[in-house]
Amino acid sequence: MTEKKQGGAESLAASLGAALLLLAVAISGGYYLWSEFRTFETELHLRLGAIARVKAAAVATWRKERIGDAYTTATAVFLMPSAQKVLEGTANATDRTRVTAWLETVRDKYNYEDVTLTGLEGDVLISVGPVTPNAAMLKECTEQAFLKSGTPDFGDFTTGGKDGEPRINVSLELREPGGRRLGALVLGIDPEHEIYPSLRQW
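Residues numbered from 1 in each chain as written. Predicted model: local features only at pLDDT ≥ 70, side-chain atom pairs only at ≥ 80, totals over all residues. Heavy atoms only, no water.

Participant: Explain the layout of surface pockets residue by residue, including any values.
Facilitator: Its boundaries defined by the atoms lining it, the largest pocket holds a volume of some 160 Å³. As for the largest pocket, its lining consists of Met 137, Glu 140, Cys 141, Gln 144, Asp 153, Gly 155, Asp 156, Phe 157, Thr 158 and Asn 169. Tallying contributions element by element places helix H4 (residues 135-148) first for the lining of the largest pocket, with four residues. (1 Å grid on protein atoms, 1.4 Å probe; cavity = no way out; pocket = protein on both sides within 12 Å on 5 of 7 lines; lining within 4 Å. Points joined across faces, edges and corners; volume = space filled by probe spheres on them. Helix = DSSP H or I, 4+ residues; strand = E, 2+ residues; numbered from the N terminus.)

Structural data, given as structure tokens:
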């Protein structure tokens, strides 16, 4: 009986030892996996943060380029007698044809949805693009351009695009060198073509 008890005690001790060993392995393995997960999570956050910063910088650069387009186009208006006549309401058919062709070139080369010259009341003087932008939206853009007085207004997203789709407008007051206000330039941006593709590429 004594030998059997000793054998049972040794067997129990061995079982307990094995169980403790397995527990230690499980704890060590769990800690290792947790440590690896934390390392992966930290690296993932760092990578996502880096990507976000790159995307933010790209958007900021893109925005500056659009504002630069507005300044360049507005300056060109006053180098074109035909464009000034359109704004003053004295343009003939030839003048309007020339300005329309020029605005279409701006729209095509700078990738805008539409480009519009508006009058003092926000009325459309000439607009190029698939469709003429919403009149109420153009009036608001013109008013915002006048409020900024020489600084481009980079608007928020609006649903005034083709078929009610989102768009962004960059508008700038058009004022003669002598100070007389003539109207505004409105550049319409389709974010689906201009900004969304860049944000989708990770």
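Participant: Hey, could you go over the pairing of strand S2 (residues 124-128) for me, with residue numbers and the actual values?
Facilitator: Where strand S1 (residues 114-118) meets S2, four bridges bridge the pair, whose relative direction is antiparallel. Following the sheet pairing, Val 115 is matched in S2 by Val 128. Hairpin connection, S1 to S2: the antiparallel pair is bridged by five residues, and Gly 122 has positive phi, about 85 degrees. (Pairing = 2+ DSSP bridges.)

Participant: Break down the side chain of Thr 116 for me, with residues and values.
Facilitator: Structurally, the position occupied by Thr 116 is in strand S1. Note on Thr 116: relative accessible area 0%, which makes it buried. A polar contact of 2.8 Å, which involves the side chain of Thr 116, links it to the side chain of Ser 127. Aside from chain neighbours lying at most four places away, what touches Thr 116 is Val 124, Ile 126, Ser 127, Pro 133, Leu 138, Ala 184, Leu 185 and Val 186. (Buried < 20%, exposed > 50% of the residue type's maximum accessible area, 1.4 Å probe, protein only. Polar contact = N/O pair within 3.5 Å; in protein donor to acceptor, adjacent residues only side chain to side chain. Contact = heavy atoms within 4.5 Å.)

Participant: I'd like a description of the pattern of salt bridges, backed by residues and values.
Facilitator: Tallied over the full model, the rule gives 11 salt bridges. Of the charged contacts in the structure, one is a salt bridge between Glu 88 and Arg 180, with a shortest N-O distance of 3.2 Å. Of this pair, Glu 88 sits in helix H2 (residues 81-88) while Arg 180 sits in the loop between strand S4 (168-175) and strand S5 (181-189), and the two are 92 residues apart along the sequence. The exposure class of Glu 88 is partly exposed, given its relative accessible area of 35%. By relative accessible area, which is 44% here, Arg 180 ends up partly exposed. Its salt-bridge partner being Asp 114, residue Arg 167 comes within 2.8 Å of it at the nearest N-O pair. With Arg 167 in the loop between strand S3 (153-154) and S4 and Asp 114 in strand S1, this pair connects stretches of sequence that are 53 residues apart. (Salt bridge = Lys/Arg side-chain N within 4 Å of Asp/Glu carboxyl O.)

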